[in-house]
Amino acid sequence: MPKEKKTSVSSDKPERIVLDYMSKQNRPYSVTDIVTNLHAAVTKTECQRAVNSLVDKELLTSKTFGKQTIYVVRQDTIETAKPDELSSIDKRLVQLREIIVEQKSKQKQLSAELASLNSALTMEEIEKRLATLTSKNEQSKEHLFLLRSGSQLVPVEESQRVTREMETHRKLWTQRRRLFKDMFSTVTENLPGKPKELLEELDISLDDPIDININPRDLLTT
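Residues numbered from 1 in each chain as written. Predicted model: local features only at pLDDT ≥ 70, side-chain atom pairs only at ≥ 80, totals over all residues. Heavy atoms only, no water.

**Observations concerning the overall build of the protein chain**
Selection criterion: Note on conventions: DSSP H or I runs of at least 4 residues are helices, E runs of at least 2 residues are strands, and numbering of each starts at the N terminus. Categorising residues by exposure relies on relative accessible area from a 1.4 Å probe, with only protein chains included: less than 20% of the type maximum marks a residue as buried, more than 50% marks it as exposed, and the intermediate range marks it as partly exposed. Here a residue-residue contact requires only that any non-hydrogen atoms of the pair lie within 4.5 Å. Only the protein chains shown count as cover for residues, and the accessible areas themselves come from Shrake-Rupley with a 1.4 Å probe.
Helix and strand counts for the protein chain stand at 8 helices and 2 strands. Ordering the α and β elements of the protein chain from the N terminus gives α-α-α-β-β-α-α-α-α-α. Scored against the burial criterion, the 222 residues of the protein chain give a buried share of 13%. Restricting the contact set of the protein chain to residue pairs at least 6 apart, pairs at least 24 apart contribute 50%. About 19,100 Å² of surface is accessible on the protein chain, with carbon and sulfur atoms providing 54% of the total.

Set out below in structure tokens:
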């Protein structure tokens, strides 16, 4: 049994597709541009035949630039709007512009509200924050109670450790201060002028910030 031949696409169908597209766009295109923009609704060969036929029918005009030919709808074949239609279009454009302005204003307001809502804490976050603050508040109350009751907040071991460190640093400070005074006295023994003036010139102070003979433990109770 002989195979049936495939029915070929009617030659006027690609023409209608191309002419409809070119009329709607009303812009110059090459054959490659048309095929690409139509997403292969017609093949390149069909498109080339269609534009050639449309040019022959004086529905398209063509102009060649080097190796490329550009096609565009003849402007004298395009229906033009009547004055009353143009007036109606102008009025509609004014209305649409007003609607755009109004919608932009609403969009700005809604965007601000959305930003405010996004920055606000969720109920879960509020509850978690409240629990944290409540816990800290209870801890502060307990600490305040201990302070008012005169309880010793620093452990004895920690207090003793700090006292030992203080006594060690105080001893070192005393030794180094005495060593400096002995060295300075030896160096300035035969120098003209008063040693005190030299100390002031060198911006060196020997004033005791505290009484070096004070008991370190007395500092903790003051």
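**A short note on the packing of helix H1 (residues 12-25) against helix H3 (residues 44-56)**
For any two helices packed against each other, the geometry is given by the interaxial angle and the distance between the axes. Filter applied, for reference: Helix axes are fitted only over the stretch in contact, all axes being lines through C-alpha atoms; the angle between N-to-C directions runs from 0 to 180 degrees. Oblique is the label for every angle not falling under 35 degrees (roughly parallel), over 145 degrees (roughly antiparallel), or within 65 to 115 degrees (roughly perpendicular). Each residue gets one of three labels, nonpolar for Ala, Val, Leu, Ile, Met, Phe, Trp, Tyr, Cys and Pro, charged for Asp, Glu, Lys and Arg, and polar for the others, Gly among them.
Interaxial distance between H1 and H3 falls to 9 Å at its minimum, and their mutual angle equals 75°. The angle between H1 and H3 falls in the class roughly perpendicular. Note on element contacts: H3 touches H1 through Glu46, Cys47, Ala50, Val51, Ser53 and Leu54, opposite Pro14, Glu15, Val18 and Leu19. For the contact of H1 with H3, the per-class residue count stands at 7 nonpolar, 1 polar and 2 charged.

**As for a nonpolar patch on the surface**
Stated precisely, the cut-off is as follows: Residues enter patches when their relative accessible area tops 30% and they take part in no salt bridge; the joining distance is 9 Å for like charges and 5 Å for the nonpolar side chains Val, Leu, Ile, Met, Phe, Trp and Tyr. Here a salt bridge means any side-chain nitrogen of Lys or Arg lying within 4 Å of a carboxyl oxygen belonging to Asp or Glu.
On the surface, Leu144, Phe145, Leu146, Leu147, Leu153 and Val154 cluster together into a nonpolar patch covering about 530 Å² of accessible area. The residue Leu144 is located in helix H5 (residues 123-149) in this model. Take Leu144: its relative accessible area is 36%, and that puts it in the partly exposed class.

**Some thoughts on the confidence of the model for the protein chain**
Low pLDDT means the predicted atomic positions in that stretch should not be read closely. Stated formally: pLDDT measures the predictor's confidence residue by residue and takes values from 0 up to 100.
Here the protein chain shows a mean pLDDT of 83. Residues at 70 or above account for 86%. Across residues 1-9, where pLDDT falls below 50, the model places 2 contacts with residues more than four positions away in sequence or in other chains.

**Section: the packing of aromatic side chains**
Each aromatic ring pair is described using two quantities: the centre-to-centre distance and the angle formed by the ring planes. The condition is simple: When the centres of two rings from Phe, Tyr and Trp lie within 6.5 Å, Trp using its six-membered ring, the rings pair. Their planes under 30 degrees apart give stacked, over 60 give edge-to-face, and anything left gives tilted.
For the structure shown, the criterion picks out 2 aromatic pairs. With 5.6 Å between their ring centres and 40° between their planes, Tyr21 and Tyr29 make a pair best called tilted. Considered together, Tyr21 and Tyr29 belong to a single accessibility category, that of buried residues. An angle of 20° between the planes, with centres 5.8 Å apart, marks the rings of Phe180 and Phe184 as stacked. A residue pair is termed a helical-turn pair when its members lie 3 or 4 positions apart in one helix, as Phe180 and Phe184 do in helix H6 (residues 156-187) at 4 residues. Phe180 sits in the partly exposed class, given a relative accessible area of 31%.

**Some remarks on the side chain of Ser30**
Tracing the sequence through the fold places Ser30 in the loop between H1 and helix H2 (31-37). The contact partners of Ser30, leaving out residues within four places of it in the chain, are Gln68, Thr69 and Ile70.

**Quick word on the pairing of strand S1 (residues 60-65)**
We apply this condition: In short, DSSP must find at least two bridges between two strands for them to pair.
As defined by bridge partners, S1 adjoins strand S2 (residues 68-73) across 6 bridges and the pair is classed as antiparallel. In the sheet register, Leu60 faces S2, and the bridge partner there is Val73. A loop of 2 residues connects S1 with S2, the two strands running antiparallel in sequence, and Gly66 in this loop sits at a positive phi of about 70°.

**Points about H3**
Stated formally: Each helix should span, by expectation, one fewer than its residue count multiplied by 1.5 Å. By arc we mean the arc of the directions from the helix axis to the C-beta atoms, nothing more.
With 13 residues, H3 extends 18 Å between its outermost C-alpha atoms, agreeing within 8% with the 18 Å of an ideal straight helix rising 1.5 Å per residue. Buried within H3 are the following residues: Cys47, Ala50, Val51, Ser53 and Leu54. Seen along its axis, H3 keeps its buried residues to an arc of 160°; they face one direction. Facing away from the buried side of H3 by over 90 degrees, the exposed positions are Lys44, Arg49 and Asp56. At its buried positions, H3 is contacted by H1, H2, S1 and S2.

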